[in-house]
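Tertiary structure, described
For reference, the chains in residue letters:
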Amino acid sequence: MSGKRDEPPSGSDPVSQPSAPPDTRAEAFREHVEPELEVMLRVALSLTGRRPDAEDLLQESLVRAYKALDRFDGRHPRAWLLTIVRHTHLNMHRRQRPGTLADWDALGDPRPAFGANRQASAEDTVLDGTLDNQLHDAIRELSPKFRAVLILVDVQDLSYAEAAATLGIPVGTVMSRLSRARDRIRRRLGVQTLTPGRS
Amino acid sequence: MMSLRDLVACHWSARRIQRYLDADPSAILPPQEITRLEAHLAVCERCSQLTAEHRALRRALESWSGAVTPDEASLTRLRSVVDELSRQDRS
């Protein structure tokens, strides 16, 4: 999956359209939502940090998306759905700081994920062995707002616009936070760790 | 010692390397900037090294074991919610 191929959302207010007949409406809902369920769940896991909470959040988000379907213009369904997930999450957890993800202790799950489909190449295996623990520490040291964009874009593979929709911040803010987060981690890990064969 | 011109070229390039590697649709570099950047990377060891570090960091983050990933059972339950919502509308 790569969110990078999607176009960014053009605006925050969906265009109102006349109600579709029930069958068409149900089909449109399925068509928009089913391809995005996995990315929605990954984002919900990042937002909540706990699997049961992520599922609750998504169930509520799906109900809201269904109710709002007539006001959706059909463009950029992923960004539309992630915006609904963010609003639902804020309503369910009003104490969470905007623009951040779950607490680190909940997020940093070191267990191999069930259902994870990651085909590690030989190069990845070497990288995992050398970098993984240091990467964990470096990400832990980031402030929550920098960590949030780094995880959504570089770990969860969202586009800038999708990360912006998830966090409720402008795309330019995503870019500047991402750049600073990467630079901090790059400096923390050092040249020898990141590119041992080159330096 | 680097000339002022080289310093300016490195500064200009360093500000674009991440956007170049990301190629995100929200912030695509114009073709002429891509050409200029690639020409600089071909001759500048310092910027070429910086680019290699960003590439390595991106690969490491993509395969980072701390990522929280969804499980198939959760996805199956959520697909059932989609089915249920769709059925309600038909009935």
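Here's a quick rundown of the structure. Each chain carries its own residue numbering, running from 1 in the written order of its sequence. All chains are assigned letters beginning with A, and all ligands numbers beginning with 1, in the order in which they are written. Per-residue local features are limited, in this predicted model, to residues with pLDDT of at least 70; the limit for side-chain atom pairs, both in listing and counting, is 80 or more; totals at the level of whole chains, interfaces and linings are taken over all residues. The side-chain figures draw on all heavy atoms in the structure; neither hydrogens nor water molecules are used.

What follows is about the interface of chain B and chain A. Only heavy atoms matter for contacts: two residues are in contact if any of them lie within 4.5 Å across the pair. In this complex, chain B contributes 43 residues to the contact, which on the side of chain A involves 66 residues. Accessible area that two parts lose when put together, evaluated with a 1.4 Å probe and summed over both, is termed the buried area. Between chain B and chain A the total buried area reaches about 5100 Å² when both faces are included, carbon and sulfur atoms providing 59% of it. Any Lys or Arg side-chain nitrogen located within 4 Å of an Asp or Glu carboxyl oxygen qualifies as a salt bridge. Joining chain B to chain A, the criterion identifies seven salt bridges. The salt bridge partner of R30 of chain A is D83 of chain B, with a shortest N-O separation of 2.6 Å. Residues adjacent in sequence count toward polar contacts only when both atoms are side-chain atoms; beyond that, a polar contact is any pair of N or O atoms within 3.5 Å, and within protein one must be able to donate a hydrogen and the other to accept it. At the boundary of chain B and chain A, one finds 12 residue pairs in polar contact (both at pLDDT 80 or more).

To continue, consider the pattern of salt bridges. Within the structure shown, the criterion is met by 22 salt bridges over all chains. R50 of chain A is the partner of D53 of chain A in a salt bridge, and the nearest nitrogen-oxygen pair spans 3.1 Å. One salt bridge connects E84 of chain B with R87 of chain B, and the closest N-O pair in it is separated by 3.1 Å. Here R87 of chain B and E84 of chain B lie together in helix α5 (residues 72-90), a separation of three residues that amounts to about one turn. The structure contains a network of salt bridges with shared partners spanning D154, D157 and R182 of chain A together with D22, R58 and E62 of chain B. Secondary structure is summarised from DSSP: a helix means a run of H or I of at least four residues, a strand means a run of E of at least two, and numbering begins at the N terminus for each.

Leaving glycine aside, a negative phi is the common case for residues, and trans is the common case for peptide bonds. Residue and element names in this part refer to chain A. A positive phi angle is found at H76, which is not glycine, with a value near 50 degrees. Mapped onto the elements, H76 comes out in the loop between α3 (51-68) and α4 (77-92). For D157, which is not a glycine, the phi torsion comes out positive at approximately 65 degrees. Assignment of secondary structure puts D157 in the loop between α7 (144-155) and α8 (160-167). On the accessibility criterion, D157 (16% relative accessible area) is buried. The buried label applies to any residue whose accessible area, calculated with a 1.4 Å probe on protein chains only, is under 20% of its type's maximum; exposed applies above 50%, and partly exposed to all values in between.

Once that is clear, we can look at the packing of α4 of chain A against α8 of chain A. All names here are of chain A. Interhelical geometry of α4 versus α8 gives an angle of 25 degrees and a closest axis separation of 7 Å. Compared by their axis directions, α4 and α8 come out roughly parallel. Judged by the twist between their axes, the crossing of α4 over α8 is right-handed. Only E162, A165, T166 and L167 of α8 make contact with α4, whose side of the interface consists of R78, A79, L82, T83 and R86. Charged residues are taken to be Asp, Glu, Lys and Arg, nonpolar residues to be Ala, Val, Leu, Ile, Met, Phe, Trp, Tyr, Cys and Pro, and polar residues to be all remaining types, Gly included. Among the residues making up the contact of α4 with α8, the classes are represented as four nonpolar, two polar and three charged. Geometry is summarised by axes, namely lines fitted to C-alpha atoms with helices restricted to the contacting stretch, and by angles between N-to-C directions that run from 0 to 180 degrees. Should an angle fall under 35 degrees it is taken as roughly parallel, and over 145 as roughly antiparallel, whereas 65 to 115 is taken as roughly perpendicular and any remaining angle as oblique. Crossing handedness is defined as follows: a turn of the near helix away from the far one that is anticlockwise and smaller than a right angle gives a left-handed crossing, while the clockwise case is right-handed.

The values reported here are purely geometric and, on their own, carry no functional implication.
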